Amino acid sequence: MGIITGWVTNIIVLILLATVLELLLPNSSMQRYVKMVIGLMLMAVILSPILSIFTEDFDRLLRSVTIEDAAGSAEIENTIETKKSEIQASNVAYIEEQMAVQLQSQVEKELRERFDLEISDVALNVTEIEGEKQIDQIAVTVKESADDGSVSEIEAVSVSLAVEEVSSTDSEVRKVAYFLADEWELYPKQVVVQMKGGE
C-alpha cells in the first residue's frame, strides 16, 4: 500500500509544481517549453510503477534464463563430447579395417603365386603418436589356397587388437613373414604369421 501512496504523492507534487511554475512564468515562448517538460515528467511518474514491474520481472526472468541456459549448455556440451568420441572411435575402427583390407589385397596375388597360400585374417595393432598412426604389429593368419574352382563361403572380417604371437620355427612361415614385411615395408618382427590348416 505504501507504494501506491508514494506514487500518488509524486503525481500530486508534480502537478502542484507545474501549476506554480505556470503562474510564475510570464506569458512567453518559454512557458510552452516548461509545459512540455512538466508534461513529460508527469507521464514518466504515472508510468513508473508499470515500468518498474516490467524491469523487476525482466531482471528475474533474465537471471532464471541465464541459469537454465548455463545448465542446458553444459548438458549439450557433454552430449556433443560423447557423440564426438563415439564418432572418432568408429572412424578409427573403420580406418583400421580399411588398412587391413588394403594390406591384404596388396599381397594377395603374389602370396598365392609364390607360396600357394591365402590370407584368411589380418589384425592390426596400431598406436597414435603425435597425431600420426603407426603400425606396431600385424598378425596374419594364412591358409592353403583353395584352387578347386569352387566358390567358398565368405568369412566375416573382424579386426582385433589382441595379437597372439606364434613362435613357429617353420621355415615357410618365416619366409612368408619376411615376404609380407618386405611388401608392406615393415620390419620382420612387426609381422606375425600363423598358419591355419587347409580346409
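Cut-offs applied
- Residues numbered from 1 in each chain as written.
- Predicted model: local features only at pLDDT ≥ 70, side-chain atom pairs only at ≥ 80, totals over all residues.
- Heavy atoms only, no water.
- Helix = DSSP H or I, 4+ residues; strand = E, 2+ residues; numbered from the N terminus.
- Buried < 20%, exposed > 50% of the residue type's maximum accessible area, 1.4 Å probe, protein only.
- Contact = heavy atoms within 4.5 Å.
- Areas by Shrake-Rupley, 256 points an atom, 1.4 Å probe, with all protein chains shown as cover.
- Core = buried A, V, L, I, M, F, W, Y, C linked by side-chain atoms within 4.5 Å.
- Pairing = 2+ DSSP bridges.

Draft legend 1. Region of interest: the overall build of the protein chain. Scanning the protein chain for helices and strands turns up 3 helices and 3 strands. Helices and strands in the protein chain line up, N terminus first, as α-α-β-β-α-β. In the protein chain, which comprises 199 residues, the proportion classed as buried is 20%. Here the contacts in the protein chain between residues at least 6 apart in sequence split such that 65% fall between residues at least 24 apart. Total accessible area on the protein chain stands at roughly 15000 Å², and carbon and sulfur atoms take up 58% of it.

Draft legend 2. Region of interest: the nonpolar core. Counting 22 residues, the largest nonpolar core has Leu111, Val140, Leu180, Trp184 and Val193 as its most contacted members. Those elements that provide at least two residues to this core are α2 (29-115), β1 (117-129), β2 (132-144), α3 (171-183) and β3 (191-196). Considering every element that reaches this core, the biggest residue donor is α3, with 6 residues. Aside from chain neighbours lying at most four places away, what touches Val140 is Ile119, Asp121, Leu180, Trp184, Val191, Val192, Val193 and Gln194.

Draft legend 3. A look at the pairing of β2. Of the pairings in the sheet, the one linking β1 to β2 comprises 12 bridges and is antiparallel in character. Paired with Asp121 across the strands is Thr141, a residue of β2. The antiparallel hairpin formed by β1 and β2 contains 2 residues in its connecting segment, where Glu130 sits at a positive phi of about 50 degrees. Where β2 lies against β3, 6 bridges are found, and the strand directions are parallel. Across the sheet, residue Val140 finds its bridge partner in β3, namely Val193.

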